Amino acid sequence: MIAQLPALIVVIPLIGAPLCMLVRYRDWSWTVATLCTWASFVCAWIILQQATSGNTISYQMGGWAPPLGIEYRIDLTNAFVLLVVTGIGSIIMPYARESIRSEFGTRRIYFFYTAYLLCFCGLLGVTITGDAFNLFVFLEINSLATYVLIAMGKNRRALTAAYQYLILGTIGATFIVIGIGLLYAETGTLNMYDLSNRIAEVGASRTIGAAFAFLVVGISLKLALFPLHLWLPNSYTYAPSMISAFLAATATKVAVYVLLRFLFTVFNYELTFDALPLDYILACLALIAMFAASTVAIFQQNLKRMLAYSSIAQIGYIVLGISFASSAGVTAGMVHLFNHAMIKGGMFLALGCIMYRVGTVNINKLDGIGKRMPLTTAALILGGFGLIGVPLTAGFISKWYLVTAALERGWWPLGFLILLSSLLAVIYVWRLVEAAYMKPVPENAKVVEEAPGSLLFPTWFLIGASIYFGIETNLTVGVAMDAAKQLLGGLG
Amino acid sequence: MNNEMKETSKITDKRTVLKGDYRKNIMLWCLFTAAIIFLVLDLFFYRHSGFEPGSLGARIEGFAGAYSLIGLASMIFLIFVSKIIKKVIARNLDYYGDKDV
Amino acid sequence: MYSLTSIPPGLFIILGALLIPIFSGRTRNVFMLVLPTIGLAGLLQFDVGIYWETKIFNQNLTPVRIDDLSLVFGYIFHLAAIISVIYAFHIRDTIQQVASLVYSGSAIGAVFAGDLITLFVYWEITAISSVFLIWANRTERSYRSGMRYLVVQVASGVLLLSGSVIYITETGSINFDKMSLVGFGPIFIFVAFGIKAAFPLVNGWLHDAYPNATATGTVFLSAFTTKLAIYALARGFPNADILIWIGCIMATITVIYALLENDLRRVMTYSLNTQLGLMVIAVGIGSNLALNGAVAHAFTGIVYKSLLFMVLGAVLVQTGTTKANELGGLRNSMPWTAAFAVIGAASISAFPFFIGFPSKSLILSATAYEGYWVVWGILLFASAGVFFNTGIRIPYLVFFGKQTDKKIVEAPANMLVAMGITSIICLLIGIYPKILFDLLPFNIAYEPYTMSHIITQLQLLSAAALVYVYANNKDLLSNNKIALLLDVDWFFRRGFPFIINYVFKFYWKIHQGLLSNLKINLSKIIGTVFKHHGPEGVLARTWPTGSTVLWVAILLALYVIVYFV
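Rules of the game
- Residues numbered from 1 in each chain as written.
- Chains lettered and ligands numbered in written order.
- Predicted model: local features only at pLDDT ≥ 70, side-chain atom pairs only at ≥ 80, totals over all residues.
- Helix = DSSP H or I, 4+ residues; strand = E, 2+ residues; numbered from the N terminus.
- Buried ≥ 20, exposed ≤ 12 C-beta atoms within 10 Å, placed from the backbone.
- Contact = placed C-beta atoms within 7 Å.
- Core = buried A, V, L, I, M, F, W, Y, C linked by C-beta atoms within 7 Å.
- Expected span 1.5 Å × (residues − 1).
- Nonpolar A, V, L, I, M, F, W, Y, C, P; charged D, E, K, R; others polar.
- Pairing = 2+ DSSP bridges.
- Axes fitted to C-alpha atoms, helices over the stretch in contact; angles between N-to-C directions.
- Parallel < 35°, antiparallel > 145°, perpendicular 65-115°, else oblique.
- Left-handed = near helix turned anticlockwise from the far one by under 90°.

Caption draft 1: Spatial organisation of the overall build of chain A. The secondary structure content of chain A amounts to 21 helices and 2 strands. Every one of the 492 residues in chain A was classed for burial, and the buried ones make up 64%. Sequence separation of 24 or more characterises 79% of the internal contacts of chain A that already satisfy a separation of 6 or more.

Right under this line is the structure:
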């Protein structure tokens, strides 16, 4: 049973998806989806335990030996990401029931859960697989399901947003498949570990260079690295609240994982950072993302959009960590990957609560919300503190390691820029505080009460986790450090 | 009558002034005496210096009444320097404006 | 008494202070008095050592480190808190009450912080809580002044944090111990300490903000922030030569300023700064005797400074001013306060048998032992100058000089009690300095009351007094034109705004010059930022499939070109 876990973790949601269609009835389909996600979470937890013992788990699909067969290969890095994805995916399920009922309606709700499970399954597949083409396939499963999920938003613009993401996502996917194709042409294999060996043998040829460029650009699009972030704000804004939370916390994180995997495992260090000044390019883009996106976030009226831009900035931090190309930098990136998933997931859920009660997340209409929905607002603000990086929140840990890594790399001006960009976060979080607590409740405001427990609990669970991981860092930093060491193979 | 009043006030004025001056002078003489006494005491008591014997510091500190002299000189110096510096740094009270005080 | 040692010193007072709003009226005041008293009792229970060591963020935090150096400061801070609370017993202002105790507690916590991160946290709490004591005046003036104060204090905290981060990454050690002044990390930390210790050029906040705090607030303020910085310097940078010269400059310049100033509370801040200079010199000399001197002087400084600030506070409360030209002859209406003022003045001037004498002797001797004769001369100049400015001038101008006609009565009882206790301490330690010397971090036999110390000090003081009386008789000291003195705060109030204004105007001219031909609306220029970043801005545009594709192409080309070139 335990040996089959790597397969099960993907197969459970994959089977669950059509099951949802079959049972049709809304509560049953929700139950199926919940059970599937939770089962996957348990699998991910056990896998992480195995991975932390230091062994790389290799699972051969259908008993076909790699490099011909598809191999699922799990080391600490993807075990860590698996945990994030399944964790977030299962925590928000209790939230989904009420939230989706109010935003999507009750008719054909099983479509929603089907798409959700497919999306979930796609993400897990991308993370777990050790086969480059298989990765592409799962990426497409995930992407297609995501388009559907975004289109299910209440606002009609959700359709356009989904359409736009469809176009851009497809371009990204195409680039990725072109990159993989070029690699295959040059090396004749699709297995990542095989690829990495063969690339090392072949050395830096033009084909591999081109493959590398296509892959990095394609993945950058998927992870919404500036300036390829343009699909993200609309998708996050118009998708159902719970989907915004899920995507913000997991989808871009998985894309980051893919980037890490290709940069450090498939292409070796010399090719990535010696032949190409990728560290400088990535650092530049990341810096621009941090400042430009945060500045845009300050001016947003729609809070979901504000958080979306903030996400782009936070992705900047993660990529900045990766661009240091050192063990410390990758550690910082992965720690922030985890912490940001908690913080942003929690904040989007809190906004979902507000959406559920007030029906809007426009900051102009939320004056005095802190008095009307104290628990929700407190969660939102605490999450905001995490984004700023106030000590004793998870955000502080991320920034701490990021600044440390910058100093270690000798790029100490970056340390100051990181702190400076946090000030921008102070501004947009301050806007929240001001609207929520400083402004009086308008006279004609409709009476709203605190969000129901099923919505509040997951929100506070994630926010609480973001505080908890701000104090207890053994899981995050410990695992991230080991994973970074594994990824860099003793380098840096 | 008018004249009389004027005269009395003049006298009181003179008195207070005299009184003030008198007090001030008494004060001055007392201090002067005290300073002299301490100076003289210096001659009678053995003074242990903190500086290493023979060093420049010991020579400066060593002679009788060194501290009196330093006190006198430095305070005169202080008054003169402050007069000069005041010319540079003094500004009208409303320099920073009425509000921004 | 197990329970007293179950909360870190300092934190106990901070947490307790948060409970203040629960109580009201007299109960609240009693509670506020009990807090630091129990804190002190608790501190007496602690043994030397390290407590509550915890691992957080993979670093070993040492929230409480009790050793000889920190203990002295711990005791005196508690004492200062108790006295200041008595002095502020009549205040009915929740914000001020909470802020004052949080401030005291955080200063105590900072002294016992064993690592840089804990130190930073407390450091910032002192900054943030103390500003409320300035704002509590609730005037435009105090608000602005407090704002400037806050900016400088927070800047000090930020420097401390950045310095610490660099230091920790470079050395791997988070502990707050002696550092050598090499590299960015220690230098940043040094500057952070220097700001709070009111080094020259960064001392504007002291003279700007303290005189603008409330009468009771200044008493709290004078005790903690700067002495905390002295502690930090003594802990982190003893024996740093540069400190000696910084201290000399501090001590001399501020003496001159003090003489020229008319507002007596500001005179006090200048003389406070002079005293800090003496301590900084002692820390810079760094021998065991000198460090003892610095610590002892910080201790005695807190006592007599508090006393004098309390006296001036009482005068402020009773008469509504501390301007020298508006005061005089209060000895008849405020006899007790006058007596305390004389004791305070004698202490700050280091008259024998008053508290200032033993500590100043320590520093003087330490300087002489190390052979710094120039520094020794400056010390004498500064001592005489402080006597001149504060020792004679303040009591003379307020209580003796010309009589004022105002109907003025003695200060409230609680203020008198606080001043009385402090005066007793002044005399007690002045007469039995052994009480203080036993607390000092280094065990050194030192006898302040030798005939030679007493005579030389009296020589110095009598000569200075002679000059004062003579100059006063000849009217050389009269402030015939009461003026505002420029200080470093000018940069905040005039300099930076001026530069920004100038740069902006310059930029504006260029901008207009360039654009006037194009006849572009001014509003458009202002909206540039909004244009790019606003909701409909270029960077926030929402339906950009085409542009993304363009970017994809550009990036791809970039990678390929970079790779193949």
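Caption draft 2: Up close: the nonpolar core. In terms of nonpolar packing, the biggest core is built from 413 residues, with F80 and A289 of chain A together with I230, L233, A282 and A464 of chain C touching the most fellow members. With 20 residues, the single largest contributor to this core is helix α12 (residues 288–319) of chain C. Every residue in contact with F80 of chain A, bar those within four places of it in the chain, is listed here: L48, M334, V479, A480 and A483 of chain A.

Caption draft 3: How the structure looks around helix α14 (residues 303–323) of chain A. Residues and elements named next belong to chain A. Helix length check: α14, at 21 residues, gives a terminal C-alpha distance of 30 Å against a target of 30 Å (1.5 Å per residue), a fit within 8%. Of all 21 residues in α14, 21 are buried; the element is thus mostly enclosed. Downstream of α14 by a residue or two, A325 has a phi angle that is positive, lying close to 55°.

Caption draft 4: The interface of chain B and chain C, seen in detail. Tallying the contact residues gives 47 residues for chain B and 44 residues for chain C. When residues of the side of chain B that touches chain C are traced back to their parent elements, those giving at least two are α1 (2–44), α2 (56–62), α3 (66–89) and β1 (90–91) of chain B. The dominant element in the side of chain B that touches chain C, judged by the number of residues it contributes, is α3 of chain B, at 15 residues. When the residues that make up the side of chain B that touches chain C are grouped by side-chain class, the tally is 28 nonpolar, 11 polar and 8 charged.

Caption draft 5: Up close: the pairing of strand β2 (residues 71–74) of chain A. All names here are of chain A. Alternating residues of β2 divide into E71 and R73 and Y72 and I74, and every residue in both groups is buried. When strand β1 (residues 57–60) meets β2, the two strands line up antiparallel, connected through 4 bridges. The partner of Y59 across the bridge, within β2, is Y72.

Caption draft 6: Seen up close, unusual backbone geometry. Here the amide bond leading from F226 of chain A into P227 of chain A is cis, since omega sits at 0°, within 30 degrees of zero. For P227 of chain A, the location among the structural elements is in the loop between α9 (206–222) and α10 (232–238). Phi is positive for A325 of chain A, close to 55°, though the residue is something other than glycine. Checked against the element boundaries, A325 of chain A lands in the loop between α14 and α15 (327–358). Despite not being glycine, W52 of chain C has its phi angle at roughly 55°, a positive value. Locating W52 of chain C in the fold gives a position in the loop between β1 (49–51) and β2 (54–56). Under the C-beta neighbour-count criterion, W52 of chain C is labelled partly exposed, with 15 such atoms within 10 Å.

Caption draft 7: A look at the packing of helix α18 (residues 394–409) of chain A against helix α6 (residues 140–171) of chain C. Where α18 of chain A meets α6 of chain C, the closest approach of the two axes is 10 Å, and the angle between their N-to-C directions is 60°. On the basis of their axis angle, the class for α18 of chain A and α6 of chain C is oblique. Like other packed secondary-structure pairs, α18 of chain A and α6 of chain C cross with a definite hand, here right-handed. Residues V403, T404, L407 and E408 of chain A of α18 of chain A touch α6 of chain C, and the partners they reach there are V165, I166 and T169 of chain C. By residue class, the composition of the contact of α18 of chain A with α6 of chain C is 4 nonpolar, 2 polar and 1 charged.

Geometry only, nothing functional implied.
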